[in-house]
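Here is what each chain is made of, one letter per residue.
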Number of protein chains: 2
Amino acid sequence: MPNQGNSTRKVDVLIIGGGVIGCSLALRLAQAKLQVTVLDRNEIGLEASSAAAGMIGPHAEAVEPADFFNLSVASRDLYPQFATEIEELSGERVGYRRDGTLLVSFADKDDLDLENVYHIQKNLGFAPARLTASQVLEAVPRLSPQVRGGLLLPGDHWVDNERLMHALFIAGRRLGVSFHTRSAVRKLNGRDRRVQSLEVDSGTSAAPSIYTAERYVLAAGSWSGELAATLGLSLPMTPCRGQMLEFESAWELPIIVRHGLHYLVPRSGRRIAMGTTAEYAGFDRVVTGEGLRSIVTGVAELTPHLADMHFRRAWAGLRPDTADHLPILGYGDWENLLFATGHFRHGILLAPITAQLLAELILSGQASQPLDLYRPARFGP
Amino acid sequence: MPNQGNSTRKVDVLIIGGGVIGCSLALRLAQAKLQVTVLDRNEIGLEASSAAAGMIGPHAEAVEPADFFNLSVASRDLYPQFATEIEELSGERVGYRRDGTLLVSFADKDDLDLENVYHIQKNLGFAPARLTASQVLEAVPRLSPQVRGGLLLPGDHWVDNERLMHALFIAGRRLGVSFHTRSAVRKLNGRDRRVQSLEVDSGTSAAPSIYTAERYVLAAGSWSGELAATLGLSLPMTPCRGQMLEFESAWELPIIVRHGLHYLVPRSGRRIAMGTTAEYAGFDRVVTGEGLRSIVTGVAELTPHLADMHFRRAWAGLRPDTADHLPILGYGDWENLLFATGHFRHGILLAPITAQLLAELILSGQASQPLDLYRPARFGP
C-alpha cells in the first residue's frame, strides 16, 4: 500500500545508488543548484566503488570498441581536474597519481599480448614504451627475475578509491546533496512511461517511505536489474565478483604492475592491493579459498617477495556487468528515468565523464557526445 | 627501583603465562586448595594456545623419542577425563572429539611416510588402518580424486582449543584462581638460587607492581627465554611461527586430514581450519603473502573444492620451540622456580600431563614419572 507511506518528499533528482557514479552525478547536479537526493541500500560507496583497486586505466583495460576507448580516455582526461575539484570541495585527499601502468611478460603469450597493446596504443597516437627485462627490474626491483619484458603505459592513472568515495560524500554534503543511507528502494512506481514515485524500506516501520522527484536516475550497479524489473523493464545486469587482498609490504611498489587478471596496486602507507578474480556467482560477496589461491599464486609469479608482505584484509566486490560489457547511459523509454549503470570494471575510470554527460542530459536535454552505443533500449524493451 | 612498587602480594604459586599450560596447572593447584595467581602480558590464552588447530595427535605428530611419545600418549589418555572435568567445572563445552586423524598420500614419498608411521604405530601396539584411495574418498568425499591412499590413526583426538581456553579460564575463576591479564612480567628478582619477587608493569603507573609467592612457575611459551634471562638463566627458546586460515565450507569435513605440514581441521559450524607454516622469524606474529600462498596451494592439492569455502580469517601464532624440540619441565637450579614451557607444537596435547606432573612436584616434591629428558638444566646453566 504505497500511498499509505509515512512520508513524501519531492526533489529535482532522485539518484538510486550512492556509488562513485551516483555521487559524482549528484555533485555535478548540486553544482547546478538542483535539489538532489541520493538513496543507498547500505552506506555510501560501500559496494563496487570501494571494492575496486582504483585503477584509471583506459590503456591497460579497454581498447575496444573504439568509441568506448575514446569515452574512457575522455574520462581519464577529466580526472586531474575532477580530483582537484573534489579535494578542494571536501578538504580531503583522494590520492590521485599519474605514474602509469606497467604490463609485464613472463611467457610467449604475454609477449604477444604486449605487442598487440603496443601497436593499438601507437596507432591511436599514444606513447607506450617497450621495456627490456632489465629496464623492468630497474623500474620495479622487487619483481621476479623471470620477467621477460614490459610495456609502460604512461596514460594510465590511479586514485585511492576509498578516499575518493569519502571525499565525494563530504563534497556532496557541503553542496547540499541529501544522502539517505540504509534506504533500500523496493519498487519504482510509474505509468504511461513516467516514473511517479519510489518505495523505500523505512527500517522498523511497516509502511515504506515514498519518494518523488522530477527525475530519477538508476545508478545502482549490480542491483539495477532487479530495480528496473519493478517497472517491467529488462536490464541484462549480472554481478561479476572480484576478490581482492591487501598487504602491507616491507618495500615500496612504485607503480601499478599488471599481468593478465593479476595486478599489484600501490596504496598509501606501503599497502599493496592485489587482485583479482572474475566470477559470475550471484550476489554472494564472499572471499573463497579458490580466490585466495588464484590471486596469491598469480602474484607469486610476479614477485618472489611474498614473505615480507603482511596480510591486512581480503574482500570481494560485485562489478555490474552487462550483456555486452558496456555501460547503460542516458534515457530509455521512460521520460523521466535515466540510467547510469553497468560500468562493469570501469566505474572509477568512467565516473567523471558519466557525471558530466548525465548532468548535461538532465540540465539541457542534450549530451555533448552521442550515447547511442550505451542506450538502455539496446537490450530490447 | 623495584622496592618502591605500588603493591605486594604473596600467594602460594605465581604462574607466569596464561596459556593452556599455565591455566591447566592453575586449575590443578586450585583444586588442591592452593592460592594461585596467573599473570599474562595479554589476555588469557591469546597466544599459541588460541592460535593452534586443536589437534591432540600423538600418533600423527610425535613418535620419537619413545619417552616423549609415551608422554604424549599418556596426556592424550588423560584428555577424555580432563575435557569432561573442565566442562563440568565451567559449564562450557570444549568440543572434544575422538574421530582420529587421516593421513593421506599423493606421491611415492607420502606412501613411504605412511608405511613408516604404520609400522611404528603397529610395533607400539596401536591400531593404525591402511585405507585404499576409494576408502579415503568414501570417508572424506570432498578430497581430491588424485589421492593414492591413506592411514587412519584412530588414537588422535582433537578439541576446540579456543573454547578450551575460555572454559579453563571460567573453571579456574570458579575455583578461586586469580587472573591478572595485561600484566607483563618485566623481571624476576632472586638471589642464592631463590626467586624473591616478580616485577610487573602496572599500566599507566610509573613504578612496577611487585608480586611475591612461595613458588613461581615459568609457563610463558615463546617469551620464557627472555624472562629466564632476567635471572641470568639461558633457555634456548625460539618462537616458531605458524600461520593459519579459517574458512566456512559448504560441505562437512568429518575428520582431520593431514598431508605433511598441511592439514584441514573441522570446527563447529562447518568451519575448517587450515594450516600451517613453520617459520623462525622472531616475535612477528603476522600472516604473510608467502604463508597464504603455501597453505592454500597445499590445501588445493588435498581438495579441489576451494571455491565453496568462504574465507573467515587468517592468523599466526608463535610455537615455543626449544633447541631439541622437547619441552622444559620441572625444577632447575633455583629451589622455588619451576618450568612448564617449550611445548612447541604440542601444548594443547600435553596440557593435562604437564599440569598433573607439575602439580605433583609442587604438592609432594615428586612427580609420578621421571622428567630427566625435560629438565631445564640440560641446556647448561
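Residues numbered from 1 in each chain as written. Chains lettered and ligands numbered in written order. Predicted model: local features only at pLDDT ≥ 70, side-chain atom pairs only at ≥ 80, totals over all residues. Heavy atoms only, no water.

**Considering the overall build of chain A**
Our working definition: Counting from the N terminus, the helices are the DSSP runs of H or I reaching at least four residues and the strands are the DSSP runs of E reaching at least two. For a compact globule the rule gives 2.2 Å times the number of residues to the power 0.38, and the radius of gyration it is set against comes from C-alpha atoms. Working definition: with a 1.4 Å probe on protein chains only, accessible area under 20% of the residue-type maximum means buried, over 50% means exposed, and in between means partly exposed. In what follows, residue pairs with any heavy atoms lying within 4.5 Å of each other are defined as contacts. Per-residue and other accessible areas follow the Shrake-Rupley method at a 1.4 Å probe size, with only the shown protein chains counted as cover for residues.
Along its length, chain A carries ten helices and 18 strands. A compact globule built from 381 residues would reach a C-alpha radius of gyration of about 21 Å, and chain A, at 21 Å, matches this within 12%. For chain A, the spread of C-alpha atoms along the principal axes amounts to about 70 × 45 × 40 Å. Within chain A, the proportion of its 381 residues that are buried is 57%. Sequence-distant contacts in chain A: of pairs separated by 6 or more residues, those separated by 24 or more amount to 73%. Carbon and sulfur atoms make up 49% of the accessible area of chain A, which totals about 15100 Å².

**Things to note about the packing of aromatic side chains**
The relation between two aromatic rings is expressed through the spacing of the ring centres and the mutual angle of the planes. Here is the rule we go by: Pairing of aromatic side chains here covers Phe, Tyr and the six-membered ring of Trp, requires ring centres within 6.5 Å, and sorts the geometry by plane angle: under 30 degrees stacked, over 60 edge-to-face, intermediate tilted. Only when the NZ of Lys or the CZ of Arg is both within 6 Å of the ring centre and within 35 degrees of the ring normal is a charge said to sit over the ring.
For the coordinates displayed, the defined rule picks out 15 aromatic pairs over all chains. Centroid distance Phe 247 of chain B to Phe 311 of chain B: 5.8 Å. Interplanar angle 70°. Geometry classified as edge-to-face. With a gap of 64 residues between them, Phe 247 of chain B in strand β12 (residues 237–249) and Phe 311 of chain B in strand β16 (residues 309–322) connect regions that are remote in the sequence. In terms of burial, Phe 247 of chain B and Phe 311 of chain B fall into one category: buried. Taken together, the ring pairs in this structure connect Phe 247 and Phe 311 of chain A together with Phe 247 and Phe 311 of chain B into an aromatic cluster. A cation over a ring is seen here: Arg 130 of chain A above Tyr 118 of chain A, with NZ or CZ 3.7 Å from the ring centre.

**Examining the interface of chain A and chain B**
Rule in force here: Accessible surface is computed with a 1.4 Å probe, and the buried area is the amount of it that two parts give up when combined, taken over both parts together. By definition, a salt bridge exists where a carboxyl oxygen of Asp or Glu is found within 4 Å of a side-chain nitrogen of Lys or Arg.
Each side of the interface is counted separately: chain A has 18 residues, and chain B has 18 residues. Taken together, both faces of the contact between chain A and chain B bury some 1500 Å²; the carbon and sulfur share is 78%. Broken down residue by residue, the surface that chain A buries against chain B is led by Leu 292, His 310 and Phe 311 of chain A, which jointly contribute 29%. There are zero salt bridges connecting chain A and chain B.

**With respect to helix α4 (residues 66–90) of chain B**
All names here are of chain B. The criterion, for reference: To estimate the expected span of a helix, count its residues, drop one, and scale the result by 1.5 Å. Bend, in this description, refers to the angle at a residue between axes fitted to the seven residues ending there and the seven starting there.
The terminal C-alpha atoms of α4, which comprises 25 residues, lie 35 Å apart, in line with the 36 Å expected from a rise of 1.5 Å per residue. The sharpest bend along α4 reaches about 40° and sits at Tyr 79, with the proline Pro 80 one to four residues further on. In the stretch just after α4, Gly 91 is the one whose phi turns positive, near 75°.

**Topic: the pairing of strand β15 (residues 271–275) of chain B**
All names here are of chain B. Here is the rule we go by: Two strands pair under a simple rule: DSSP has to find at least two bridges between them.
Burial analysis of β15 places five of its five residues in the buried class, the great majority of the element. What you see with β15 is no split at all: Arg 271, Ala 273 and Gly 275 on one side and Ile 272 and Met 274 on the other are buried throughout. Two elements, β12 and β15, share five bridges in a ladder whose sense is antiparallel. The residue bridging Leu 245 from the neighbouring strand is Met 274, located in β15. Across five bridges, strand β14 (residues 262–267) lies against β15 in antiparallel orientation. Residue pairing across strands places Tyr 263 opposite Gly 275, the latter belonging to β15. Joining the antiparallel neighbours β14 and β15 is a turn of three residues, in which Gly 269 adopts a positive phi near 70°.

**Remarks on the sheet that holds strand β6 (residues 149–153) of chain A**
All names here are of chain A. What counts is decided by this rule: Lines fitted to the C-alpha atoms define the axes, with helices restricted to the stretch that makes contact. Angles between their N-to-C directions range from 0 to 180 degrees.
What the eight strands build is an open sheet, ordered β5-β6-β4-β13-β14-β15-β12-β16; its pairing is mixed. What marks the edges here is a single partner per strand, and that holds for β5 (129–132) and β16 (309–322). Direction aside, the axes of adjacent strands within the sheet are offset by 25° on average. Relative to β6, β5 runs antiparallel, the two being bridged by four bridges.

**Regarding the sheet that holds strand β5 (residues 129–132) of chain B**
All names here are of chain B. With respect to topology, eight strands assemble into an open sheet ordered β5-β6-β4-β13-β14-β15-β12-β16, the strand pairing being mixed. Every other strand in the sheet has two partners, leaving β5 and β16 as the edge strands with one partner each. Direction aside, the axes of adjacent strands within the sheet are offset by 25° on average.

**Topic: the relation of the copies chain A and chain B**
The criterion, for reference: Only residues with pLDDT of at least 70 in both copies contribute their C-alpha atoms to the least-squares superposition of the copies.
Here chain A sits on chain B after a turn of 180° about the axis and a move of 0.1 Å along it, with an RMSD of 0.0 Å. Here the copies are linked by what is in effect a two-fold axis. Of every C-alpha in chain A, the one belonging to Arg 293 of chain A sits nearest the axis of rotation, 3.3 Å from it.

**Some points on unusual backbone geometry**
Cis rather than trans, the peptide bond between Gly 275 of chain A and Thr 276 of chain A has omega equal to -15°. Along the polypeptide, Thr 276 of chain A turns up in the loop between β15 (271–275) and α9 (289–302). Positioned with a positive phi, Lys 33 of chain B is a non-glycine residue whose angle comes to about 70°. The topology assignment puts Lys 33 of chain B in the loop between α1 (20–31) and β2 (36–39). Phi at Arg 193 of chain B takes a positive value of approximately 55°, unusual for a residue other than glycine. Among the structural elements, Arg 193 of chain B can be located in the loop between β9 (185–191) and β10 (194–200).

**Details of the confidence of the model for chain A**
Residue and element names in this part refer to chain A. What counts is decided by this rule: For every residue, the predictor states its confidence as a pLDDT score lying anywhere from 0 to 100.
In the predicted model, chain A carries a mean pLDDT of 92, and the fraction of residues at 70 or more is 95%. Note that pLDDT drops below 50 for residues 1–6; the model gives that stretch twelve contacts with residues more than four away or on any other chain. Both scores are given for the predicted complex: the pTM is 0.87, the ipTM 0.82.

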